[in-house]
Every structure is written in C-alpha cells, then in structure tokens.
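What follows is each chain in one-letter form.
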Amino acid sequence: MVNDFVILVVVLCYYGGNEKGNDTLYQKAWNAIGDYYADRLKWSSAVSYYQQSQNVEKLVECYYLLEDYDKLSGLIDQVPDNSVLLENIASKCASVGMCHEASRALVKCSKVKEAVDCCVALNQWDRAVEIAHEHNMSSVDELLAKYATHLLDKGKVLDAIELYRKANHYIDAAKLMFQLAKDSSDIPSHALRTKKLYVLGAMLVEQYNTHVMSDRSALDSLIHTNSVSIEDSRLIDNAWRGAEGYHFLLLAQRQLYEGFTDAALRTAHALVDYEDVIPAETIYAIIALTATIARSFGTCSNAFIKLENVENEESRTEYEQLAVEIFTRYPPRDSRTQKIECTNCEGSITDYGNTCSICDTKYPRCIVTGSPLTSVHFWQCDTCKHRAQETDIVSFSTCPLCHTLIA
C-alpha cells in the first residue's frame, strides 16, 4: 500500500507539483507513508513524513515516543491558542517532569487553574505562584498552606521549609527553621547544629527583606512593613538573636579549652542576655565553670545562686553540694577586676559586661573575641551586620557568625 502513495507522490511531483489543488493529495500521501512507518514502530522514519505533511498531532506522539522532549515542547508555539492538542502536549510534558513547558501549554489553552495544579503536583511552587500572580488568582496561598501542612504531618519539616522558600514565603520558612533550632537546643551536645539552624533561619529573613525591597518602592516597603503582624515583626527584628547566642556560647567554650579564661568568662557573661534562646542552666553552668577556673569566685557564687533554682530536683541538689564544696575552700570574691573606659562619658564598662555604669551606653560585642567594641573603627559583615575589631578579623576568610565569604 505504501508503494501506491510513493508512486502518487512521484506522479504529482512530475506532472503537477506546482498546482495548489494537489496540496491535499500531498498531505494525504505523506501522512499515509508516515502511518506506514508508525505502524511498524519506526518513529524516526515516520517523523520525516509527518513533518512534510505538517501533521502536528502525529508529531506529538512520535516525539514523545522518541523521547525528543525539546522538539515536543517546541510544538507548543506551532499549535493555535485554545487547541485541544495543547492539553495533550501539556500532559506528556508533565509526565516527564517538564513543569515549565507543561504549564506554558496549559496557559496557552486558557487552562490557568490546571497549570497551577500541574506546578503544585511537580512541586514547582515558585512557578505556581508566578502564574497565579500573572492571572490574579487568589487560591495559591491556600494550596501552599495545605501542602505544607501535609508535609509537616509526615514529619518532613525540611521539605516544608524548602516549599515555602521556593514560593517566596520566607517568613513562614524561617519560623519552621527557628522551631527546628529550638528543638535542637534541648540537647546540649548539639550546640553547633543549633547555631547553624539559627543562622539558616536568619538568612531566610534576610532573603525576605531583600525580596520586599526589590519588589517594591521605598514607600511601598514602608507600608508593607507596617502591615506585618506583631509576631512577624518581632521575628524580623530579632532574626539573628538565636545565632548570636549560640555563637557566643561556642566561642566561650573554645576560649576556655584554649586556656583564655578571662576572655572565656567575658564571653560567657554575654550569654546572660540570651536566656530566651539558650537554656538558663546551660548559661550559668558555663559561667560558673569559667569563673571557677578564672578564680572569680564572686561571679561563680552568683552563677550558683541561679543554678540552685533549676527545676530538676536532682540537679539542684548536686549544684548545692558542689557550691558548698567550692565556697568552704574559697571566699565568694573576685580575685581581680577589669574595666574598660567608656568612650561616651567618663564612666567605665562593668566587669565582663558591655554597658557603661554611668551613661548606660551599650556597646556591641566583637564576634571574634567577645569583648565590647568601643572603637569607632571596626569591621562589619555585609550579611549579618555583626562587627569585629579590624585587627581581629584579619585572619578570617568568612564571617565568624554567619560564615559569609569576606570580600
């Protein structure tokens, strides 16, 4: 049979190839030859004849079976708007994970909701949000919340965080990350992991700030900031607090192990400001330990007063016995005091503190040493905005707190 159509093509080319009336015969012949090869699963041969007959429907099937997805997606532009064939192309693209191409085909045939559903099914929430915004849909946030709840019910917290992040819902992602950090803080040996989780949460908040500023004018950003809930506003303002606390905790431990007891005690004192982030028992335990080694028994006594009020009765008894053992041998007095002059007045900064005793000026702490920064010349991280002495940061290639590369 195929030979008959080949003969027909030859005859048409020889006798009447240039006449417009023969176009239909040409298409019928090319399609018949393409069908012949398609029936025998010779898709590559069939494609060349379907191309000549401009049979897009058959080309869709052939390209899909040949796994030539680039050419398959290229047919989207050749198909007229609102054609049923676009749904077929979208279905095939979606089946192999080509979300962008599938959604483009569905949008072209006015199936916007189906395009969003396709993106949701393929976990391409950024694309789903983009389509929804372009077509003024209001259901994406609802779908996003449902899917995030589904992931959280399965215990896939990190997947839910990534979902929110890809959909530009950075605050929701940060909340989940901070909750992971809070759960991790219950295990004292996970201090480094906890700090990393807090840093990741703060980075998400920074991404939120960048996203808001890039999408809006200064006035719009100010209006948007005023419309943020009190809880979210507090989270944004204190984004780096958890990372700060655990950074100084790890720094104090490292200084103590390296033998810098005075520096370790000064850094450990900074932890008093982070009782809302670090367990109080952890804070005062390291202060008591560091103060004992530094022979600052007055500071050590104050720390034990806090430790003797912990909720765990067994731990409380042990702390009481340890306090008796220490202070029967050593009076609760600090062996030496160190003070730093305040640059704002004639006062001085209290022992191991960072606040002036007269003008109440509170100095930021150096993230390299833990010491108060009284100099007007300092280094500041471009990402987390924390500071360090210029002489102390020289040996670092990344920020000690957020680990961003130093330019």
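Draft legend 1. Highlighting the overall build of the protein chain. Scanning the protein chain from terminus to terminus reveals 21 helices and four strands. Of all 407 residues assigned to the protein chain, the portion counted as buried reaches 41%. Of the contacts formed within the protein chain by residues at least 6 apart in sequence, a portion of 45% connects residues at least 24 apart.

Draft legend 2. Region of interest: the state of the cysteines. Under the criterion given, the structure shown has zero disulfides. With no disulfide partner, C118 has as its closest neighbouring cysteine sulfur the one in C99, 5.0 Å distant. Its relative accessible area of 11% is what places C118 among the buried residues.

Draft legend 3. Just the packing of helix α9 (residues 125-134) against helix α10 (residues 140-153), in detail. With their axes 10 Å apart at the nearest point, α9 and α10 run at an angle of 160° to one another. Relative to α10, the element α9 lies roughly antiparallel. Crossing hand, α9 versus α10: right-handed. Side by side, α9 and α10 meet where W125, A128, V129 and A132 of the first sit next to V140, L143, L144 and Y147 of the second. Of the residues assigned to the contact of α9 with α10, the class counts are eight nonpolar, no polar and no charged.

Draft legend 4. The arrangement of the side chain of H247 in detail. Inspection of the secondary structure assignment puts H247 in helix α16 (residues 241-257). Among the polar contacts listed, one links the side chain of H247 to the backbone oxygen of I367, at a separation of 2.7 Å. When near neighbours in sequence (up to four residues on either side) are disregarded, H247 contacts K195, I367, P400 and L401.

Draft legend 5. Layout of unusual backbone geometry. Positive phi outside glycine occurs at L41, with the angle close to 65°. Here L41 falls in the exposed class, since its relative accessible area comes to 59%.

Draft legend 6. Helix α19 (residues 297-307), seen in detail. Of all the 11 residues making up α19, eight are buried; the element is thus mostly covered by neighbouring parts of the structure. For α19, the complete set of buried residues consists of F297, G298, T299, C300, S301, A303, F304 and L307. Of the surrounding elements, those touching the buried residues of α19 are α17 (261-270), α18 (280-293) and α20 (313-327).

Draft legend 7. Quick peek at α9. Within the span of α9, buried status applies to W125, R127, A128, V129, I131 and A132. Trailing α9 by a residue or two, N136 shows a phi angle of about 55°, which is positive.

Draft legend 8. Just the nonpolar core, in detail. The biggest cluster of nonpolar side chains holds 109 residues, and the ones touching the most others in it are I89, W240, I278, F304, C399, L401 and C402. Every residue in contact with C402, bar those within four places of it in the chain, is listed here: V199, M203, W240, C381, T383 and C384.

Draft legend 9. Representation of the packing of aromatic side chains within the structure. A full pass over the atoms with the stated rule returns eight aromatic pairs. On the numbers, 4.6 Å between centres and 5° between planes, the contact of F297 with Y330 is stacked. On the criterion of sequence distance, the pair formed by F297 in helix α19 and Y330 in the loop between α20 and β1 (340-341) is long-range, its members being 33 residues apart. On the accessibility criterion, F297 (5% relative accessible area) is buried. The structure contains a cluster of three or more aromatic residues connected by ring pairs, namely Y36, Y37 and Y49. The side chain of K92 reaches across the aromatic face of Y64, ending 5.2 Å from its centre.

Rules used in this analysis
The written sequence of each chain sets the order in which its residues are numbered from 1. Owing to the predicted nature of the model, reporting of local features is limited to residues with pLDDT of at least 70; listing and counting of side-chain atom pairs is limited to 80 or more, with chain, interface and lining totals taken over all residues. Excluding hydrogens and water, the side-chain values take into account all heavy atoms of the structure. Numbered from the N terminus, helices here are DSSP runs of H or I no shorter than four residues, and strands are runs of E no shorter than two. Three labels apply to residues, based on accessible area from a 1.4 Å probe with only protein chains included: buried if under 20% of the type maximum, exposed if over 50%, partly exposed otherwise in between. Whether two residues are in contact is decided by their heavy atoms, any of which lying within 4.5 Å being enough. The disulfide criterion is simple: two cysteine sulfur atoms within 2.5 Å. Axis lines are fitted to C-alpha atoms, over the contacting stretch for helices. Their N-to-C directions set the angle, which ranges from 0 to 180 degrees. Just so you know how the angles are binned, under 35 degrees is roughly parallel, over 145 roughly antiparallel, 65 to 115 roughly perpendicular, and the rest oblique. Whether a crossing is left-handed or right-handed is set by the direction in which the near helix is turned from the far one by less than a right angle, anticlockwise for left-handed and clockwise for right-handed. Put simply, Ala, Val, Leu, Ile, Met, Phe, Trp, Tyr, Cys and Pro go in the nonpolar bin, Asp, Glu, Lys and Arg in the charged bin, and everything else, Gly too, in the polar bin. N or O atoms within 3.5 Å of each other form a polar contact, as long as, within protein, one can give a hydrogen and the other can take it, and as long as residues adjacent in sequence are counted only when both atoms are side-chain atoms. To define a nonpolar core, start from buried Ala, Val, Leu, Ile, Met, Phe, Trp, Tyr and Cys residues and group those joined through side-chain atoms within 4.5 Å. Stacked, edge-to-face and tilted labels apply to pairs of Phe, Tyr and Trp rings (six-membered ring for Trp) whose centres lie within 6.5 Å, assigned for plane angles under 30 degrees, over 60, and everything in between, in that order. To sit over a ring, a charge needs its Lys NZ or Arg CZ within 6 Å of the ring centre and within 35 degrees of the ring normal.

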